[in-house]
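# Coordinate analysis (summary)
Each chain, written out:
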Amino acid sequence: MFTVICLFRVKLKDLDEFVELSRKSGDLLKSHGALDHNIYFSNKLTGSQGSMGFLNVVDVEEDEELVLGQSIFHSEDHYHEIMRKAGFDDIIQYLDDHIKNVVETTRIITSSFSTERSKELEA
């Protein structure tokens, strides 16, 4: 399995609009073959049992919510295939452009994870 996660710092005043746009984008990704797309709202951002929390590594303003987006694919190749297909979808391009008006893109944190070890790391 392959997952892409994004951390968004969303102004509280823009949260409803952001969630609606994110869900629509996720539905479009799923219509192109993504396995799933989820939005998670922050619950506890401080660490526990001596561990760090997201607040130790991500600055979140008092008027912001930290939102985690997750898209799931069969594999990294599947992810690239879906993104190629979705890249040609005018609606998803419109939604992505509109999300950029709601969230400051330079403050989005995006990473990907796989259940398979990277061949580059095995060398």
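Before reading on, note that the structure itself is shown above.
Small disclaimer: the values here were computed from a predicted structure and weren't measured.

### A look at the nonpolar core
If you look at the biggest cluster of nonpolar residues, it comprises 21 residues, and the most contacted ones within it are Phe8, Val10, Phe18, Val67, Phe73 and Val103. Put simply, the parts of the chain that give this core at least two residues each are strand 1 (2–11), helix 1 (15–31), strand 3 (64–73), helix 2 (76–87) and helix 3 (90–102). Residues in contact with Phe8, not counting those within four places in the same chain, are Phe18, Glu65, Leu66, Val67, Gly69, Val103 and Ile108.

### Re the side chain of Gln70
Structurally, Gln70 can be placed in strand 3. Within polar-contact distance, the side chain of Gln70 engages the side chain of Tyr40 at 3.2 Å. If we skip the residues at most four places from it in the chain, Gln70 touches Thr3, Val4, Ile5, Asp36, His37, Asn38 and Tyr40.

### Describing helix 1
Along its 17 residues, helix 1 runs 24 Å from first to last C-alpha, staying within 8% of the 24 Å computed at 1.5 Å per residue. All of the buried residues in helix 1 are Leu15, Phe18, Val19, Leu21, Ser22, Ser25, Gly26, Leu28 and Leu29.

### Some details on unusual backbone geometry
Positioned with a positive phi, Gln49 is a non-glycine residue whose angle comes to about 55°. You can see Gln49 is positioned in the loop between strand 2 (36–41) and strand 3.

### Details of helix 2
The end-to-end C-alpha distance of helix 2, which contains 12 residues, comes to 16 Å, matching closely the 16 Å that a straight helix rising 1.5 Å per residue would cover. Taken as a whole, helix 2 has its buried residues at His78, Ile82 and Ala86. Around the axis of helix 2, the buried residues are gathered within 65° of arc, so they sit on the same side. Residues of helix 2 that are exposed and angled more than 90 degrees away from the buried face: Asp77 and Arg84.

### Concerning the sheet that holds strand 3
Across the sheet, 4 strands lie side by side as 2-3-1-4; this open sheet has antiparallel pairing. With one partner strand each, in any of the chains shown, strand 2 and strand 4 (109–114) form the two edges of the open sheet. Neighbour-to-neighbour, the strand axes of the sheet open up by a mean angle of 20°, direction not taken into account. Bridge analysis of strand 1 against strand 3 gives 10 bridges, and the strand direction is antiparallel. The residue bridging Phe8 from the neighbouring strand is Val67, located in strand 3.

Basis of the calculations
Residues numbered from 1 in each chain as written. Predicted model: local features only at pLDDT ≥ 70, side-chain atom pairs only at ≥ 80, totals over all residues. Heavy atoms only, no water. Core = buried A, V, L, I, M, F, W, Y, C linked by side-chain atoms within 4.5 Å. Buried < 20%, exposed > 50% of the residue type's maximum accessible area, 1.4 Å probe, protein only. Helix = DSSP H or I, 4+ residues; strand = E, 2+ residues; numbered from the N terminus. Contact = heavy atoms within 4.5 Å. Polar contact = N/O pair within 3.5 Å; in protein donor to acceptor, adjacent residues only side chain to side chain. Expected span 1.5 Å × (residues − 1). Arc of directions from axis to C-beta. Pairing = 2+ DSSP bridges. Axes fitted to C-alpha atoms, helices over the stretch in contact; angles between N-to-C directions.

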